[in-house]
Every structure is written in C-alpha cells, then in structure tokens.
Amino acid sequence: KDNPSSSAANNPNTRTIEVLQSMCDYYTKINDHWRITAYRKAITTLRQQTTKKITTAEEAYTLPNIGSRIAQKIEEICTTNNLRRLQYANLEPTDKVLDLFLKIHDVGLSRANKWISQGHRTLEDLLTKADLSANQRISIEHYSDLTSRIPRSEVTQLAAYVQREAFLLDPDVELLVGGSYRRGSESSGDIDFIITKRGTTSSSDLIPFMDSLISILYKKGFLVATLSQSRREGEGSKFLGCCKLPPDGKWRRIDLLLVPETEYGAALIYFTGNDIFNRSMRLLAGKKGMRLNQKGLFRDVMRGRNRVKVTEGELVEGRSEKRIFEVLGVRWREPGERWC
Ligand code: DCP
Ligand code: MG
Ligand code: MN
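Given the structure is predicted, the values throughout are model-derived calculations rather than measurements.

Cut-off values and rules
- Residues numbered from 1 in each chain as written.
- Chains lettered and ligands numbered in written order.
- Predicted model: local features only at pLDDT ≥ 70, side-chain atom pairs only at ≥ 80, totals over all residues.
- Helix = DSSP H or I, 4+ residues; strand = E, 2+ residues; numbered from the N terminus.
- Rg over C-alpha atoms; globule rule 2.2 N^0.38 Å.
- Buried ≥ 20, exposed ≤ 12 C-beta atoms within 10 Å, placed from the backbone.
- Contact = placed C-beta atoms within 7 Å.
- Core = buried A, V, L, I, M, F, W, Y, C linked by C-beta atoms within 7 Å.
- UniProt positions renumbered as here; feature names shortened; annotations may be inferred.
- Near = placed C-beta within 6 Å.
- Nonpolar A, V, L, I, M, F, W, Y, C, P; charged D, E, K, R; others polar.
- Pairing = 2+ DSSP bridges.
- Axes fitted to C-alpha atoms, helices over the stretch in contact; angles between N-to-C directions.
- Parallel < 35°, antiparallel > 145°, perpendicular 65-115°, else oblique.

## Quick word on the overall build of the protein chain
What the protein chain contains, in helices and strands, is 17 helices and ten strands. Computed over the C-alpha atoms, the radius of gyration of the protein chain is 22 Å, within 12% of the 20 Å expected from 2.2 N^0.38 for a compact globule of 340 residues. Along the three orthogonal principal directions, the C-alpha set of the protein chain runs to about 75 × 55 × 35 Å. Evaluated residue by residue, the protein chain yields a buried proportion of 29% over its 340 residues. Long-range pairs, those at least 24 residues apart, make up 56% of the contacts in the protein chain between residues at least 6 apart in sequence.

## What to know about the nonpolar core
One broad trend across soluble globular proteins is that nonpolar side chains are buried collectively. In this structure, Ile191, Phe193, Ile194, Ile195, Leu257 and Ala267 are the most contacted members of the largest nonpolar core, which totals 41 residues. Aside from chain neighbours lying at most four places away, what touches Phe193 is Val162, Leu175, Val177, Asp255, Leu256 and Leu257. Membership of the second largest hydrophobic core comes to 18 residues, among which are Met23, Tyr39, Ala42 and Ile43.

## Observations concerning the UniProt feature "active site" (unreviewed entry) in the protein chain
Here the UniProt feature "active site" (unreviewed entry) sits at Lys73. Mapped onto the fold, Lys73 is located in helix H5 (residues 68–80). The exposure class of Lys73 is buried, given the 23 C-beta atoms found within 10 Å.

## Side note on the site of ligand 1
In the vicinity of ligand 1, the contacting residues are Gly179, Ser180, Ser188, Gly189, Asp190, Asp192, Tyr270, Phe271, Gly273, Asn274, Asp275 and Asn278. When contributions to the shell around ligand 1 are tallied by element, the ones reaching two or more residues are helix H13 (179–182), helix H15 (264–272) and helix H16 (275–287). The residue makeup of the shell around ligand 1, split by class, is two nonpolar, seven polar and three charged.

## Observations concerning the sheet that holds strand E8 (residues 290–293)
The antiparallel open sheet is built from three strands, whose spatial order is E8-E9-E10. At either end of the open sheet lies a strand with only one pairing partner, and these are E8 and strand E10 (314–317). Taking each pair of neighbouring strands and ignoring which way they run, the sheet shows an average axis angle of 35°. In this sheet, strand E9 (residues 296–299) lies alongside E8 in antiparallel orientation, the contact comprising four bridges. Each residue of the ladder has a partner; that of Leu292, found in E9, is Leu297. Against the sheet, H16 contacts E8 and E9, and its axis sits at roughly 160° relative to E8.

## Details of the sheet that holds strand E4 (residues 191–197)
Hydrogen bonds between backbone groups are what pair the strands of a sheet, and the pairing can be parallel or antiparallel. The sheet built from five strands is open, its strands ordered E2-E4-E7-E6-E5 with mixed pairing. The sheet terminates laterally at strand E2 (173–177) and strand E5 (223–230), the two strands that pair on one side only. In this sheet, neighbouring strand axes are inclined to one another by 20° on average, regardless of whether the strands run parallel or antiparallel. Of the pairings in the sheet, the one linking E4 to strand E7 (residues 252–258) comprises five bridges and is parallel in character. What sits directly across from Ile191, in E7, is Ile254.

## Some details on the packing of H15 against helix H17 (residues 321–328)
Relative to each other, H15 and H17 sit at 85°, their axes nearing to 7 Å. If you check the angle between H15 and H17, you find them roughly perpendicular. Contacts from Gly265, Ala266, Leu268 and Ile269 in H15 reach Glu321, Arg323 and Ile324 in H17.

## Looking at H15
Counting buried positions over the nine residues of H15 gives nine, a clear majority of the element. Those residues of H15 lying buried are Tyr264, Gly265, Ala266, Ala267, Leu268, Ile269, Tyr270, Phe271 and Thr272. Within two residues after H15, Gly273 carries a phi angle of roughly 65°, on the positive side.

In structure tokens form, the structure reads like this:
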C-alpha cells in the first residue's frame, strides 16, 4: 500500500486539496451534510490525480464526482492560491474588512489584502489615506448605491430610458437587457445591454452609434461615470460605467456590449449566463470537438502544444441562439432555466 504522506507530497494538487479540506472542515462545523459529502468526493478524486495539476474548472469538471461549483472553486484556488469564500466563512475581523474592500470595482484579493496590511480598515481610511485609482475612488464614494441590488422594476425603467434615446439616434439598433434580468431575476447587480443592428458584421460597425449614445446619455445626466471603454475588435467593443435615473436615482452599474448581427446568438448565450451555465455549455462544445465563445460556435479548432490555439476554426453558428443549442444537441433552455 502507498505511504499516504509520500504520495501527498508528490501530488501536484496538494495545495488545492488543502483549501478544499478546510472548506470541508467549515461545512463540518456547520453540519452541512450535503456539502461535506460533495467536498469529500472531490478531494478523493483530486488525491488520485497524482501526475497532473488540475488548474481549470473545465478540466476539473471532466473528472468523476466533481460538480460545476466545486470545479469553479478549484480554478479559483489555482489562480488566487486561496479561496475567497473560505475567508468569508471565518469570522475574523480582517475578513469582514476584506469582504468590504472586495466589493469595490476592480479590487481583487491582492489589492484588498495589501490595503489591510497597510492598516486600512474602513472606506473612510481608503478615501483619506490610501493610494486610489480614479475608478476605485468613484466606487468608494458611491459604495452603498453601487453595492445594493437593483430592483427589477428599476432595471425596466433604466432600460426604457436608454432604449428611448437609442431609438431617437437610430431606430434600427436593437438593445436587449441580458444578464440576470433576462434570466428573470427579481433584482440585479448591474444592467447589461446587448446592442446590435441588422447587417453588421463587426462590433466596430456600431462604435459611432455607441459614441453618440454615450454622449447624449451624459448630457442628459443619465450617465455619471465611465469605468472602462474598449473599442478593440478582438474581445468586442464595450462600455462599463455608472448611470442613474435623472434627477436623483441611485448610482447603478451599467454595461453596454456591442455585438454584430453575425455573432448575436453566441453573445446572447454568453451575456445571459449564468456563468456556471456558460461553463457547462463550453465544456459540452469541447466534448463534441467544437469551441463555444461569445463570438460563435466553431469546429476544427487547431491546437498545438499545451492546447494553445493555432487557428480559430471554422464558424459553425453565430447568429442564432436556438441554432447553437441545436448544433450542440441540447434541449432549448429559456433564459429563466439557465443556471447550472
Ligand atoms: N459572464 C460569464 N463569466 C464571467 C462573468 C460574466 O460567463 N466570469 C457572463 C454570464 C453573466 C453575464 O456575463 O450572466 C453578465 O455578467 P454579470 O456579472 O453582470 O452577471 P449577472 O448579470 O448574471 O448577475 P448580476 O445580477 O450580479 O449582474
Ligand atoms: Mg449583470
Ligand atoms: Mn454586467
């Protein structure tokens, strides 16, 4: 029989197992039997992976007894060397501060921990003593607005406001609200617009429209901040910012995503989510020798060493959401059914 300690030392997944084990210990403390079992099974599977480090959720999910949620956690552990949820689970005072800081736009674990190690404990500390980017400052100044959920009725109003201005600029442009709103959630963290127009083949075709829309929405007092804006063709053109219903609505996070008609179906799937559903769809595409991303479903993607992509492959379908489900051989799921 193997010596358990020596095999543990050789297992490239030791660190991951350690973190999962402390999650499991936590669930043991709170008597969550279902999760205890799920974590134990996942740990057993990882212990058997003695030659390969599992670093992505996709890889993890293909292994026996690892579900999509734990698969995602494995990826998070490998990328951050820790797990946010675990730190929330313990009630150390610094963890509450961490929780507070992590909700600031663009702040990840390393930034938040750095502030903590510099002695900052409150938002006021950050505003007065920390070295902040313009976006971090905006996000802290409007912290309570930006971290509160947006009621569905308000998302509807915000959407109507943007759609009206967009229609006046160009009646042929279509703006649909994706994300949690499209899945039917009673409240959302932000508002995600997917913007397209018939006849477009590149997101850059929509950039002049986006520029005019943004400028008019600023003039009207609807847009109040720009967090980032990308006009690059590769990952698509988008605007991330903050808006409010004039004259004195709460500050809300808004995302505008420009999508050409040729990619609309794939973009709808991606931006409707949820993220776990997206992972399982991409995984399924992979199992069928295809690749799904926010631009389309592709076949014959050439990969070289270390699975690095050599070519994008041949586009199978991009326009139609329904068609992508069909080609993948999965039953159509209404947006409200797209979680896990
Ligand atoms: N998305 C994803 N993977 C990510 C982030 C996002 O697949 N890491 C996709 C799925 C999400 C969509 O983009 O549904 C929109 O992202 P949001 O962060 O706005 O998430 P939701 O709209 O789903 O939820 P929320 O109500 O918190 O905004
Ligand atoms: Mg959203
Ligand atoms: Mn969003």
